[in-house]
Amino acid sequence: MILSEQSVAMINEALTRYPDHKSAVLPALTIAYQQVGHLSDDIYREISETIGVPTVEIAEAATFYTMFPKHPVGKYLIQVCHNISCALLGADSLVSYLEEKLGVSKGETTADHLFTIVTVECLGSCATAPMMQINQDYYENLTKEKVDKILEQLRAEAVT
Ligand code: FES
C-alpha cells in the first residue's frame with residue numbers, strides 16, 4: 001500500500017463532498033501527489049479501490065494534467081510555461097538559463113534531488129509572462145536576476 005492511512009482518510013472525506021464519486025478523482029489525485037510527490041499505476045489502482053471509479057478513468061484524468069508528475073521528481077518541480085505569451089517573452093531563454101544554472105536538461109532532476117525542470121502549456125498567467133510554477137507557487141515577470149534569487153531562496157529553504 002502506497003497511500004498512507006491519512007491520505008485514504010482524506011480521500012474518503014473528499015468523497016463525502018460529491019454525489020458522483022467521479023468528481024472526487026482530481027481531489028484524490030491531488031492528495032496522492034501531495035503525499036508521494038508523483039503518481040503511478042499502483043497509485044491509480046489504490047485510488048480506484050478507495051473511491052470505486054475504474055482505474056483507467058483515474059489514469060486518464062492523471063495523464064491529462066501536467067501538474068501531476070508520473071515519475072519521481074525533485075523537491076521543487078519547476079514548470080516553465082512555453083506557450084505563446086511566454087514564448088514571445090523569452091521562455092526558451094528561461095529554460096536554457098535554468099538548464100545552465102542547474103546543470104540538467106529539461107525533464108531531468110538535479111543530482112541533489114532538489115530541482116526538476118519541465119515545460120508546460122499555458123498556466124493562465126499570460127499577462128505576467130514569462131512565468132513558471134514551482135510546486136504550488138507562481139513566479140512571474142521573470143528575469144535571470146529573479147531566477148537567481150528564487151533558486152537561492154529555495155536552496156536555503158531546502159536545508160532548513
Ligand atoms: S502563455 Fe504562459 S501563462 Fe499563458
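See the structure above.
Residues numbered from 1 in each chain as written. Predicted model: local features only at pLDDT ≥ 70, side-chain atom pairs only at ≥ 80, totals over all residues. Heavy atoms only, no water.

**Student:** Explanation requested: the sheet that holds strand S2 (residues 115-120) in the structure shown.
**Tutor:** Strands belonging to one sheet form pairs held by backbone hydrogen bonds; the direction of such a pair is parallel or antiparallel. Spatially, S2-S1-S3-S4 is the arrangement adopted by the four strands of the open sheet, whose pairing is mixed. Here the strands that pair on one side only, and so sit at the sheet edges, are S2 and strand S4 (137-139). Averaged over all pairs of adjacent strands, the angle between strand axes in this sheet comes to 25°, irrespective of strand direction. Here three bridges tie strand S3 (residues 132-134) to S4, and the two strands are oriented antiparallel to one another. Each bridged residue has a counterpart across the sheet, and for Ile-134 the counterpart in S4 is Asp-137. In this fold helix H6 (residues 91-102) packs onto strand S1 (76-81), S2 and S3, with an angle of close to 155° to the strand it touches most, S1. (Pairing = 2+ DSSP bridges. Helix = DSSP H or I, 4+ residues; strand = E, 2+ residues; numbered from the N terminus. Axes fitted to C-alpha atoms, helices over the stretch in contact; angles between N-to-C directions. Contact = heavy atoms within 4.5 Å.)

**Student:** What am I meant to see in the pattern of salt bridges here?
**Tutor:** Applying the stated criterion across every chain yields a total of four salt bridges. In this structure, Asp-42 and Arg-45 form a salt bridge, with 2.4 Å as the shortest nitrogen-oxygen distance. With Asp-42 and Arg-45 both in helix H3 (residues 41-51), this residue pair falls three residues apart, about one helical turn. Asp-42 gets classed as partly exposed once you look at its relative accessible area, which sits at 39%. (Salt bridge = Lys/Arg side-chain N within 4 Å of Asp/Glu carboxyl O. Buried < 20%, exposed > 50% of the residue type's maximum accessible area, 1.4 Å probe, protein only.)

**Student:** How should I be thinking about empty space enclosed by the protein in this particular structure?
**Tutor:** To find leftover empty space, one rolls a probe the size of a water molecule over the atoms. Considering all chains together, one arrives at one cavity of 30 Å³ or more under this definition. Volume-wise, the largest cavity comes out at about 40 Å³. What lines the largest cavity is Cys-81, Asn-83, Ile-84, Ser-85, Cys-86, Cys-122, Leu-123, Gly-124, Ser-125 and Cys-126. Ranked by the residues each element gives to the lining of the largest cavity, the list is headed by helix H5 (residues 84-88), at three residues. Partitioning the lining of the largest cavity into residue classes produces six nonpolar, four polar and no charged. (1 Å grid on protein atoms, 1.4 Å probe; cavity = no way out; pocket = protein on both sides within 12 Å on 5 of 7 lines; lining within 4 Å. Points joined across faces, edges and corners; volume = space filled by probe spheres on them. Nonpolar A, V, L, I, M, F, W, Y, C, P; charged D, E, K, R; others polar.)

**Student:** Teacher, can you tell me more about the packing of aromatic side chains here?
**Tutor:** Pairs of aromatic rings are described using the distance from one ring centre to the other and the angle between the two planes. Here the structure, examined in full by the defined rule, presents four aromatic pairs. Residues Phe-64 and Tyr-65 carry aromatic rings whose centres are separated by 5.0 Å and whose planes lie at 85° to one another, so their mutual orientation is edge-to-face. Classification of Phe-64 by relative accessible area gives exposed; the value is 64%. Put simply, the rings of Tyr-33, Phe-64, Tyr-65 and Phe-68 pair up and form one aromatic cluster. (Phe/Tyr/Trp six-rings, centres within 6.5 Å; stacked < 30°, edge-to-face > 60°.)

**Student:** Is there a simple way to think about the nonpolar core in this case?
**Tutor:** Within the largest apolar cluster, 23 residues are counted, with the highest numbers of intra-cluster contacts made by Leu-29, Leu-39, Ile-47, Ile-51 and Ile-58. Secondary structure elements with two or more residues in this core: helix H1 (5-15), helix H2 (25-36), H3 and helix H4 (55-64). At six residues, the largest contribution of residues to this core is made by H2. When neighbours within four sequence positions are excluded, Ile-47 is seen to be in contact with Leu-3, Ile-11, Ala-28, Leu-29, Ala-32, Gly-52 and Ile-58. Core analysis: the next-biggest nonpolar cluster, separate from the first, contains 20 residues, Leu-94, Ile-117, Leu-142 and Leu-151 among them. (Core = buried A, V, L, I, M, F, W, Y, C linked by side-chain atoms within 4.5 Å.)

Without other data, these values stay purely geometric and don't point to any function.
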